[in-house]
Amino acid sequence: MNAPRPYPGDVAPDTADAEFWQACRERRFLVFRCGACGRAVWPAGGCPSHGMAPMAWEQASGLGRLRTWTVVHQRYATSFDDPPPNVALVELDEGPLVHAAVVGAGRLEAGMRVEVDFQEAAPEVVIPVFRPVRGPGDTLGA
């Protein structure tokens, strides 16, 4: 699938992660979990301890913490016409680290709680992004 930007070409759906991208279209976030030890990894790959057997996609909470980020000011293509995006590293509550944008935040803070959301980048191309968690008991940076 050759999807338009901002969908990164190097993460276009393939056989290994087709189930993940289908779940995104359904507004669900999955992690790949080892059946031997329960460790979650993302994207689809092998367990560091047990290889590929047995691995399965499972529903994730979609919650995590922002660990770090960078803002991309360089425009590599004319299709990048929005304000400079951030590329964030989110540590999911399930353990894996995920690269995605954080949207809807006036200011980013390392450690802030975030939750998954989804944006349609093109027809049939839905990508996960994260938003700050807001609500009772939210402790940014805790």
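Definitions and limits used
Residues numbered from 1 in each chain as written. Predicted model: local features only at pLDDT ≥ 70, side-chain atom pairs only at ≥ 80, totals over all residues. Heavy atoms only, no water. Helix = DSSP H or I, 4+ residues; strand = E, 2+ residues; numbered from the N terminus. Buried < 20%, exposed > 50% of the residue type's maximum accessible area, 1.4 Å probe, protein only. Contact = heavy atoms within 4.5 Å. Areas by Shrake-Rupley, 256 points an atom, 1.4 Å probe, with all protein chains shown as cover. Pairing = 2+ DSSP bridges. pLDDT = per-residue confidence, 0-100. Phe/Tyr/Trp six-rings, centres within 6.5 Å; stacked < 30°, edge-to-face > 60°. Axes fitted to C-alpha atoms, helices over the stretch in contact; angles between N-to-C directions.

Broken down by element type, the protein carries 1 helix and 8 strands. For the protein, the succession of helices and strands along the chain, N to C, is α-β-β-β-β-β-β-β-β. Burial statistics for the protein: of 142 residues in total, 36% are counted as buried. The long-range fraction of contacts in the protein, counting pairs at least 24 apart against all pairs at least 6 apart in sequence, stands at 52%. Here the protein displays about 8100 Å² of accessible surface, and carbon together with sulfur accounts for 52% of that area.

Glancing now at the pairing of strand β6 (residues 97-100). The side-chain alternation of β6 yields one buried face, formed by V98 and A100, and one unburied face, formed by L97 and H99. The pairing of strand β5 (residues 86-92) with β6 spans 4 bridges and is antiparallel. Along β6, the bridge assignment pairs E91 with L97. Where β5 folds back onto β6 in an antiparallel hairpin, the turn is made up of 4 residues, including G95, whose phi is positive at roughly 120°.

The next point concerns the confidence of the model for the protein. For the protein, the mean per-residue pLDDT works out to 85, and 81% of the residues sit at or above 70. Averaged pLDDT values for the elements of the protein fall to 92 in strand β2 (residues 40-41) and rise to 96 in strand β4 (residues 63-71). The model gives residues 1-7 a pLDDT under 50, and that stretch makes 17 contacts with residues more than four places away or in other chains.

So, on to the packing of aromatic side chains. For the structure shown, the criterion picks out 7 aromatic pairs. With centroids separated by 6.1 Å and ring planes inclined at 75°, the aromatic side chains of F29 and F130 adopt a geometry described as edge-to-face. Within this pair, whereas F29 is found in the loop between α1 (18-25) and β1 (30-34), its partner F130 is found in strand β8 (residues 125-132), the two being separated by 101 residues in sequence. A residue is classified by how much of its surface remains accessible, and F29, at 1% relative accessible area, is buried. Looking at F130, the relative accessible area reads 0%, which means it is buried. The rings of F20, W21, F29, F32, W42, W57 and F130 are connected pair by pair, giving a single aromatic cluster.

In this structure, P43 follows W42 across a cis peptide bond, with omega equal to -5°. Considering the arrangement of structural elements, one finds P43 in the loop between β2 and β3 (55-59). You will see that R27, though not glycine, has its phi angle at about 60°, which is positive. Here R27 lies in the loop between α1 and β1. With phi around 70°, E124 is a residue other than glycine that occupies positive phi space. You can see E124 is positioned in the loop between β7 (113-122) and β8.

With respect to topology, 5 strands assemble into an open sheet ordered β6-β5-β4-β7-β8, the strand pairing being antiparallel. Each of the sheet's edge strands pairs with one partner strand only, and the pair in question is β6 and β8. The mean inter-strand angle of the sheet, taken between neighbouring strand axes irrespective of direction, is 35°. In terms of strand pairing, β4 meets β5 through 7 bridges, oriented antiparallel. Of the residues in β5, the one forming a bridge with R65 is E91. Contacting β7 and β8, α1 crosses the sheet at an angle of about 70° to β8.

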